[in-house]
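The chain contents come next:
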Amino acid sequence: MENKQHPIELEADIQLIEETEELKKAVASIVSFPDNKTPDLSYFTGIFVSSGENLNKAYFMPSELVKAHNTIANKPLDIEHSESEIVGHIYDAAFIDRAGNKVEVADLKNKTAAELEKMELDVMIAGILYKSRFPELAKEVKESKWKLSMETYFTDYDVKIGNVIMTQQEAEALGIASDESLGKIAKILRRGKEIAKGAVTRVLRNLLFSGCGLVKNPANPRSVILEVAAKRSQKNDDAEIVIELEPVNGDKAMTKEKEKAAGPDFTSPVGVSGGPDAYDVRTQTSVGICVSYKRRVIDATFEGPDAPVLHEDWCALYEQGCTSPSRGADHSECLRVKARQIAKSYATSKLKELYARDKRGDLVTQLRSLLDS
């Protein structure tokens with residue numbers, strides 16, 4: 001995929017902040033207020049973006065939001081995403097949990113990616129509207145006639161079905177990377193057994209937030225993802241997509257043809273979201289995606305979308321490249337399986353040596369012979 005950025009916009013409600021001490025104290029615990037407030041400005045706050053899946057079938061990983069947190073503040077507020085109609089700006093942003101409590105960025109950075117993916121986070125922004133320059137707009141905002149619409153860029157995306165995440169290339173090889181597939185229900189089978197099922201969504205990678213728009217009609221032709229799910233074409237939405245990772249019997253030929261068409265770099269969809277419902281080989285080792293598998297390991301000492309990739313197709317358990325073609329914990333090439341085989345072989349050989357050295361049976365026989373004589 002070319003390394004280019006794609007803009008999208010997503011809508012949210014606005015909460016206008018009036019100059020009251022009560023509201024000031026409530027919001028100040030999350031986002032900061034400027035000390036030099038002036039009457040020609042309107043101050044507002046709202047939920048900028050939330051982790052998880054939204055109605056537009058975009059999926060925001062908490063780890064991606066944390067990496068991009070420093071790209072939110074000091075960005076413009078515009079009208080209907082028009083870069084020439086700037087009416088204000090964002091000046092602060094903060095993470096909150098679903099109960100509305102502030103979560104410190106430093107605490108989030110100290111968590112592993114697996115820990116972050118189990119969290120539910122919202123990003124709240126605080127912004128300023130230039131009220132004296134746009135008095136009618138400020139009045140309409142106060143009357144809830146406008147909504148916030150997040151603007152962001154991304155350089156890559158994965159495709160998510162249930163708990164399984166696959167690369168864009170893998171999704172394209174399976175025919176589910178197009179806009180028409182978004183929102184459709186799909187299930188993934190391995191050897192005839194279902195391991196994942198859910199709506200086809202996009203996991204946006206390498207986010208760079210570019211601003212915020214005031215919009216009345218969220219639909220926008222520049223959007224990569226349609227902003228209102230109800231406006232998406234509903235044709236064939238009832239048709240379920242079935243994906244065979246490791247088909248049984250005669251279905252293997254069909255999968256081989258797909259692999260051949262996809263080229264030499266094709267691999268089966270193998271990533272896991274890391275969420276609380278992901279398959280865990282500690283409790284299920286016969287079928288599922290290994291939780292130790294990491295499609296991409298990012299250098300955590302760097303911030304932002306340009307953080308270098310340290311490893312790809314990585315086994316976090318043994319700290320080396322994953323050897324299982326299917327990324328399953330039950331595959332014969334899995335390091336975990338090999339380790340069990342080696343351990344079993346070693347234990348068996350040691351037990352045989354122990355039995356060979358064990359003379360207690362011979363001694364008991366000799367003792368009985370002496371007692372009987």
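Residues numbered from 1 in each chain as written. Predicted model: local features only at pLDDT ≥ 70, side-chain atom pairs only at ≥ 80, totals over all residues. Heavy atoms only, no water.

### Quick notes on the overall build of the chain
Next, step 1: When helices and strands are counted, the chain shows nine helices and 20 strands.
Next, step 2: Across the 373 residues that make up the chain, the buried fraction comes to 43%.
Next, step 3: In the chain, once contacts between residues fewer than 6 apart in sequence are set aside, the share between residues at least 24 apart is 71%.
Next, step 4: Total accessible area computed for the chain in this model is approximately 20,200 Å², and 51% of it derives from carbon and sulfur atoms. (Helix = DSSP H or I, 4+ residues; strand = E, 2+ residues; numbered from the N terminus. Buried < 20%, exposed > 50% of the residue type's maximum accessible area, 1.4 Å probe, protein only. Contact = heavy atoms within 4.5 Å. Areas by Shrake-Rupley, 256 points an atom, 1.4 Å probe, with all protein chains shown as cover.)

### Remarks on the packing of aromatic side chains
Next, step 1: Scanning the model with the defined rule gives two aromatic pairs in all.
Next, step 2: Ring centres 5.2 Å apart and planes at 65° place the aromatic pair F48 and F209 in the edge-to-face group. Of this pair, F48 sits in strand β3 (residues 42–50) while F209 sits in strand β15 (residues 208–215), and the two are 161 residues apart along the sequence.
Next, step 3: Looking at F48, the relative accessible area reads 5%, which means it is buried.
Next, step 4: Sitting above the plane of the Y157 ring, R202 keeps its charged end 4.5 Å from the centroid. (Phe/Tyr/Trp six-rings, centres within 6.5 Å; stacked < 30°, edge-to-face > 60°. Lys NZ or Arg CZ within 6 Å of the ring centre and 35° of its normal.)

### Some thoughts on the pattern of salt bridges
Next, step 1: According to the stated counting rule, one finds 12 salt bridges in the structure shown.
Next, step 2: The closest approach of N and O atoms between R98 and D122, which form a salt bridge, is 3.2 Å. One end of the pair, R98, is in the loop between β7 (82–97) and β8 (102–103); the other, D122, is in strand β9 (residues 121–129), and 24 residues separate them in sequence.
Next, step 3: By relative accessible area, R98 is classed as partly exposed at 42%.
Next, step 4: E143 is paired through a salt bridge with K145; the nearest N and O atoms lie 3.2 Å apart.
Next, step 5: According to the relative accessible area criterion, E143 is partly exposed, its value standing at 36%.
Next, step 6: Accessibility expressed as a relative area gives 46% for K145, which makes it partly exposed.
Next, step 7: Here the residues in one salt-bridge network are E64, K67, D158 and R205, joined through shared partners. (Salt bridge = Lys/Arg side-chain N within 4 Å of Asp/Glu carboxyl O.)

### Side note on the side chain of S181
Next, step 1: Relative to the helices and strands, S181 is located in the loop between α6 (168–173) and β13 (185–190).
Next, step 2: Its relative accessible area of 6% is what places S181 among the buried residues.

### Overview of empty space enclosed by the protein
Next, step 1: Inspection of every chain in the model, using the stated rule, returns two cavities of 30 Å³ or more.
Next, step 2: What lines the largest cavity is a set of 13 residues, and nearest its centre among them are C290, S292, C315, C322 and C334.
Next, step 3: Of the residues assigned to the lining of the largest cavity, the class counts are seven nonpolar, four polar and two charged. (1 Å grid on protein atoms, 1.4 Å probe; cavity = no way out; pocket = protein on both sides within 12 Å on 5 of 7 lines; lining within 4 Å. Points joined across faces, edges and corners; volume = space filled by probe spheres on them. Nonpolar A, V, L, I, M, F, W, Y, C, P; charged D, E, K, R; others polar.)

### Details of the sheet that holds strand β18 (residues 293–298)
Next, step 1: Taken in spatial order, the three strands make up an open sheet running β18-β19-β20, and their pairing is antiparallel. The open sheet has two edge strands with one neighbour each: β18 and β20 (320–321).
Next, step 2: Strand direction decides the pairing type here: strand β19 (residues 309–315) and β20, joined by two bridges, are antiparallel. Looking across to β20, one finds that W314 is bridged to G321. (Pairing = 2+ DSSP bridges.)

### A closer look at the environment of R133
Next, step 1: In this structure, R133 sits in the loop between β9 and α5 (135–142).
Next, step 2: Considered as a pair, R133 and D40 are 93 residues apart in the sequence and their alpha carbons are 8.1 Å apart.

### As for α5
Next, step 1: Buried residues of α5: L137, A138 and V141, and no others. The buried residues of α5 occupy an angular sector of 100° when the element is viewed end-on, so they sit on one face. The exposed residues of α5 that point more than 90 degrees off its buried face are E136 and K142.
Next, step 2: Just past α5, the residue S144 takes up positive phi, approximately 60°. (Arc of directions from axis to C-beta.)

### With respect to the confidence of the model for the chain
Next, step 1: Counting all residues, the mean pLDDT for the chain is 74, and 70% of those residues have values of 70 or more.
Next, step 2: Taken together, the stretch residues 250–288 has pLDDT below 50 and engages in 77 contacts with residues farther than four places along the chain or on a different chain. (pLDDT = per-residue confidence, 0-100.)

### Digging into the pairing of β19
Next, step 1: Two strands pair when backbone bridges link them, and β18 and β19 are joined in this way by five bridges, in the antiparallel orientation. The partner of Y293 across the bridge, within β19, is C315.
Next, step 2: Linking β19 to β20, which pair antiparallel, is a turn of four residues; within it E319 sits at a positive phi near 55°.

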